Amino acid sequence: MTDAAKHDPLQPHAHDPNPYPPSDDPTIVLTAPDGARRALTVADLQELPQTNVSNCYIVSTGHGVSGPFTFRGVTLGDLIQHVVKDEWDQVEVISADGFGNRVYRRELEDPPREGPPILATRIDDRPLSREDGLVRLIVPSERDDALRQVKWVAQINVRSLS
Ligand SMILES: Nc1nc2c(c(=O)[nH]1)N[C@H]1C(S)=C(S)[C@@H](COP(=O)(O)O)O[C@H]1N2
Ligand SMILES: [Mo]
């Protein structure tokens, strides 16, 4: 790992989870590599193709382990394919309280057997509550500490390194 990656605040790192929704504002802003921005609502995300990912657990520092759950939502790959026309390499998914994760293009194009990263809006047969995260990044290969389950997604920054 390079020094830059080690100090990247969007890489999983030890963290006290925030149990409380930071705000009531559910707006998500996606920024494309060329800087163009667009707002996305939960309904917009649900109009895109939906994917189920089963056998997911929430290994929560706050609530203990719960699951297995089936999360449902648009894959990050499908979302980017629908709304971003430029070249891109990685995507930052950041919550309204500043917690976030960086997801690499190869994780979306060649997902592991546990399933592709999704922006979940449903858990089992119900919508995610604001307390659950409303829109919650699920990286199914993360099974240890929920450090890639970004609750209250507010910013999606699609970046090109070139
Ligand atoms: N926005 C946001 N998402 C977050 C966190 C946070 O502090 N803020 N903490 C993470 C950590 S460390 C854990 S253990 C889980 C806790 O999820 P839960 O509140 O559903 O149990 O949320 C993850 N997602
Ligand atoms: Mo955690």
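Everything below is about the structure shown above.
Computed from a predicted structure; not experimentally measured. (Residues numbered from 1 in each chain as written. Chains lettered and ligands numbered in written order. Predicted model: local features only at pLDDT ≥ 70, side-chain atom pairs only at ≥ 80, totals over all residues. Heavy atoms only, no water.)

### What about the site of ligand 1?
And then number 1: What surrounds ligand 1 is a group of 17 residues, the closest being H15, N18, S60, Q149 and K151.
And then number 2: Contacts to ligand 1 include N18, whose backbone N or O atom sits 2.8 Å from an oxygen atom.
And then number 3: At 2.6 Å, a backbone N or O of Q149 approaches a nitrogen atom of ligand 1.
And then number 4: When isolated, ligand 1 has an accessible area of 530 Å², and the protein chains bury 96% of it. (Near = heavy atom within 4 Å. Polar contact = N/O pair within 3.5 Å; in protein donor to acceptor, adjacent residues only side chain to side chain. Areas by Shrake-Rupley, 256 points an atom, 1.4 Å probe, with all protein chains shown as cover.)

### Examining the sheet that holds strand 6 (residues 100-104)
And then number 1: The sheet built from five strands is open, its strands ordered 2-1-10-5-6 with mixed pairing. The two strands at the open ends of the sheet, each matched to only one other strand, are strand 2 (37-40) and strand 6. Strand after strand, the sheet turns through a mean of 15° between neighbouring axes, direction not considered.
And then number 2: Pairing analysis gives four bridges linking strand 1 (residues 28-31) to strand 2, with the strands arranged antiparallel. Directly across from I28, in strand 2, lies its bridge partner L40. (Pairing = 2+ DSSP bridges. Helix = DSSP H or I, 4+ residues; strand = E, 2+ residues; numbered from the N terminus. Axes fitted to C-alpha atoms, helices over the stretch in contact; angles between N-to-C directions.)

### A look at unusual backbone geometry
And then number 1: At the junction of G67 and P68, the peptide bond is cis and its omega measures out at 5° in the coordinates.
And then number 2: Here P68 shows up in strand 4 (residues 64-75).
And then number 3: At D124, a position not held by glycine, the phi torsion is positive, near 50°.
And then number 4: Relative to the assigned elements, D124 resides in the loop between strand 7 (118-123) and strand 8 (126-127).
And then number 5: Taking the relative accessible area as the measure of exposure, D124 reaches 41% and is therefore partly exposed. (Buried < 20%, exposed > 50% of the residue type's maximum accessible area, 1.4 Å probe, protein only.)

### A word on the nonpolar core
And then number 1: In terms of nonpolar packing, the biggest core is built from 27 residues, with L79, V91, L119 and I156 touching the most fellow members.
And then number 2: Going through the elements one at a time, strand 1, helix 3 (76-83), strand 5 (90-95) and strand 10 (153-159) are the ones with two or more residues in this core.
And then number 3: Ranked by residues supplied to this core, first place goes to helix 3 with four residues.
And then number 4: Once you skip the residues sitting within four places of it in the chain, L119 turns out to touch L45, R72, G73, V74, L76, L79, V93, V135, R136, L137, V153 and I156.
And then number 5: Grouped together as the second largest cluster of nonpolar side chains are 10 residues, V53, C56, I58 and F71 included. (Core = buried A, V, L, I, M, F, W, Y, C linked by side-chain atoms within 4.5 Å. Contact = heavy atoms within 4.5 Å.)

### Considerations on the pattern of salt bridges
And then number 1: Under the counting rule described, the total for this entry stands at eight salt bridges.
And then number 2: Across the pair E107 and R148 runs a salt bridge whose closest N-O atoms are separated by 2.8 Å. Placement of the pair is E107 in helix 4 (residues 105-109) and R148 in the loop between strand 9 (136-138) and strand 10, with a sequence separation of 41 residues. Each member of the pair, E107 as well as R148, carries the same accessibility label: buried.
And then number 3: Between R126 and D132 there is a salt bridge, with the nearest N and O atoms lying 2.8 Å from each other.
And then number 4: Looking at R126, the relative accessible area reads 38%, which means it is partly exposed.
And then number 5: Shared partners join several salt bridges into a network, and the residues in it are D8, E92, R102 and R159. (Salt bridge = Lys/Arg side-chain N within 4 Å of Asp/Glu carboxyl O.)

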